[in-house]
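# Understanding the architecture of this molecule
So you can see what is in the structure, the chains are spelled out below.
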Amino acid sequence: MVEKKKTEGKINPKTKVEEELKLGPEASIINLLDYVVEHAHNIEASDVHFDACGDKIRVRFRIDGVLQDIYELPGSMLDEIISRIKILTNLRTDEHKVPQDGRYRSSLNNGEGSIDIRVSVTPTYYGESAVLRLLSDKAQQFTLESLGFNKEDSDKVAKASRNPYGMILVTGPTGSGKTTTLYTILKMLNTNDVSIITIEDPIEYAIENIKQVPVNTRTGLTFSSGLRSMLRQDPDIIMVGEIRDEDTAGLAVNTALTGHLLLSTLHTNDAATTLPRLLDMKVEPYLAASTVNVAIGQRLVRRICDECKVEKTITDAEHKSLVDALGAKAVGINRKFYKGSGCDKCNLSGYRGRVVIDEVMAIDNDIREAILNKASSSDIRNVAIKNGMVPMVEDGLKKAASGVTTISEVLRVIHE
């Protein structure tokens with residue numbers, strides 16, 4: 001559903017929010033919500049949190065992966081704001097005791113089109129709270145290089161993508177950009193001579209010429225049941241949003257073994273843990289060894305703002321601490337790094353945007369042999385590094401040394 005409203009020209013949505021709040025009980029909840037969303041969009045926030053806190057509503061934006069307090073609204077507005085959100089997303093306005101999820105599209109007052117918004121409403125002690133995920137079209141414009149993959153790692157992924165069968169697995173914690181990486185690979189593969197089907201929970205972005213199926217547990221459409229039905233649709237390439245259980249893992253492996261290229265995600269800490277994780281899900285070692293083409297481990301770190309980037313030389317004590325934490329090989333002898341001093345462009349944070357730090361483990365004969373011998377993840381990791389894999393922490397420190405991010409950001413995501 002598209003929310004229709006009159007174009008008011010170029011406005012400052014933050015100023016409009018403040019003007020609405022000054023009206024007190026006369027404030028328009030419709031305008032207030034629109035301006036909050038537009039403010040979030042303008043500063044490239046990914047999420048808007050409306051948190052019920054008794055006599056107030058705490059409004060926070062997630063900017064470059066970090067939550068920041070933005071507004072404090074009167075608690076008396078909570079019911080009206082939640083009701084407005086539910087109306088926009090066609091949720092039940094008379095249901096207040098169970099979580100509800102929905103989606104809507106909001107037009108922008110500045111005339112720059114519209115944005116898709118995914119909504120989650122959940123009951124809490126002080127009332128219902130809502131989180132709005134702003135889905136940017138920028139995700140469909142990415143390449144592996146623009147995400148942050150170096151040429152060597154991009155080439156490994158591209159080579160694995162050209163295989164007519166097998167699995168490409170992306171690993172990392174929630175919020176590490178796995179889905180965006182999968183969409184980027186799908187965009188590379190999306191040509192007229194192949195059939196691509198995805199099953200996702202939920203669908204993040206609509207991609208032209210790809211069949212996208214949303215998971216619906218209420219009707220019994222799960223990853224595993226959806227994957228079974230998708231095989232009858234004559235696909236060449238399949239994306240499964242996440243391998244969560246033994247059933248889905250078994251189906252995914254057999255799908256990859258029978259002439260399909262399958263892309264998916266796993267929740268593991270690094271690329272090397274991917275293979276033992278499949279064995280934990282009762283996948284036979286010989287099947288894991290013969291189907292996985294490449295495993296990608298990744299995290300998202302904040303980029304240093306280009307407008308206020310300054311050079312920083314670390315002390316001997318700081319260098320020693322880094323060596324103790326990350327190892328001498330990863331840290332090297334470099335002492336020159338960078339930081340953002342803070343400016344208007346980055347809201348004084350020193351950061352603007354995010355970039356991937358990654359490790360790409362191409363499955364070669366040595367790694368296959370290790371899998372067949374049920375080697376531990378650390379042993380598999382050592383084999384991969386010996387055969388050319390650059391560990392995630394080294395990739396992060398290289399980006400810090402070249403001025404893309406900071407040491408503190410690399411440490412924050414590696415040791416979170």
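Bear in mind the structure is a predicted one, so any value in this text is a computation, not a measurement.

This part covers the overall build of the protein chain. When helices and strands are tallied, the protein chain shows 16 helices and 16 strands. Taking 2.2 N^0.38 as the reference for a compact globule, 416 residues should give roughly 22 Å; the C-alpha atoms of the protein chain span a radius of gyration of 23 Å, in line with that estimate. Along the first, second and third principal axes, the C-alpha atoms of the protein chain reach 70 × 60 × 40 Å. Expressed as a percentage of the 416 residues in the protein chain, the buried residues total 50%. Sequence-distant contacts, at least 24 apart, represent 65% of the contacts inside the protein chain between residues at least 6 apart. With an accessible surface of roughly 20,100 Å², the protein chain has 48% of that area assigned to carbon and sulfur atoms.

Let us look at the UniProt feature "domain: Bacterial type II secretion system protein E" (unreviewed entry) in the protein chain. Using the residue numbers shown here, the UniProt feature "domain: Bacterial type II secretion system protein E" (unreviewed entry) corresponds to residues 231-245. End-to-end, the C-alpha atoms of residues 231-245 are 19 Å apart, and along that stretch the chain is 0% helix and 27% strand.

A few words on the sheet that holds strand β9 (residues 196-200). Strands sit in the order β10-β9-β11-β12-β8-β13-β16 across an open sheet of 7 strands; the sheet is mixed. At either end of the open sheet lies a strand with only one pairing partner, and these are β10 (211-214) and β16 (351-362). In this sheet, neighbouring strand axes are inclined to one another by 20 degrees on average, regardless of whether the strands run parallel or antiparallel. Alignment of strand β8 (residues 166-171) against strand β12 (residues 261-266), held across 6 bridges, turns out to be parallel. Within the sheet, the bridge partner assigned to G166 lies in β12 and is L261. Helix α7 (residues 223-230) rests against β9, β11 (237-240) and β12 of the sheet, and its axis sits at about 165 degrees to β9. This element, helix α15 (residues 392-401), spans β13 (292-304) and β16 of the sheet and lies at about 145 degrees to β16.

A cis amide bond links D201 with the next residue in sequence, P202, at an omega value of -10 degrees. Mapped onto the secondary structure, P202 falls in the loop between β9 and β10. With a phi close to 70 degrees, N209 is a non-glycine residue in the positive phi region. By the secondary structure assignment, N209 is in the loop between β9 and β10.

Before going further, it helps to spend a moment on helix α3 (residues 78-88). Counting along an α-helix, one turn takes 3.6 residues, and residues three or four places apart therefore face a common direction. All of the buried residues along α3 are L78, I81, I82, R84, I85, K86 and L88. Where α3 ends, the next residue or the one after it, N90, has phi of about 60 degrees, a positive value.

In this section: the pairing of strand β3 (residues 56-63). Of the pairings in the sheet, the one linking strand β2 (residues 45-52) to β3 comprises 7 bridges and is antiparallel in character. Across the sheet, residue A52 finds its bridge partner in β3, namely I57. The hairpin turn running from β2 into β3, its antiparallel successor, is 3 residues long, and G54 in that turn takes a positive phi close to 75 degrees. Pairing of β3 with strand β4 (residues 66-74), which is carried by 8 bridges, proceeds in the antiparallel orientation. By the bridge assignment for β4, V59 is matched with Y71. The turn joining β3 and β4, which pair antiparallel and follow one another in sequence, is formed by 2 residues; a positive phi near 55 degrees is taken by D64.

Regarding helix α5 (residues 151-161), the residues found buried are D153, S154, K156, V157, A158, A160 and S161. As for α5, its buried residues are in contact with α4 (144-147), β8, α6 (178-189), β12, β13 and β16.

This part is about the side chain of H39. Structurally, H39 is set in helix α2 (residues 29-42). On the accessibility criterion, H39 (9% relative accessible area) is buried.

Calculation notes
- Residues numbered from 1 in each chain as written.
- Predicted model: local features only at pLDDT ≥ 70, side-chain atom pairs only at ≥ 80, totals over all residues.
- Heavy atoms only, no water.
- Helix = DSSP H or I, 4+ residues; strand = E, 2+ residues; numbered from the N terminus.
- Rg over C-alpha atoms; globule rule 2.2 N^0.38 Å.
- Buried < 20%, exposed > 50% of the residue type's maximum accessible area, 1.4 Å probe, protein only.
- Contact = heavy atoms within 4.5 Å.
- Areas by Shrake-Rupley, 256 points an atom, 1.4 Å probe, with all protein chains shown as cover.
- UniProt positions renumbered as here; feature names shortened; annotations may be inferred.
- Pairing = 2+ DSSP bridges.
- Axes fitted to C-alpha atoms, helices over the stretch in contact; angles between N-to-C directions.

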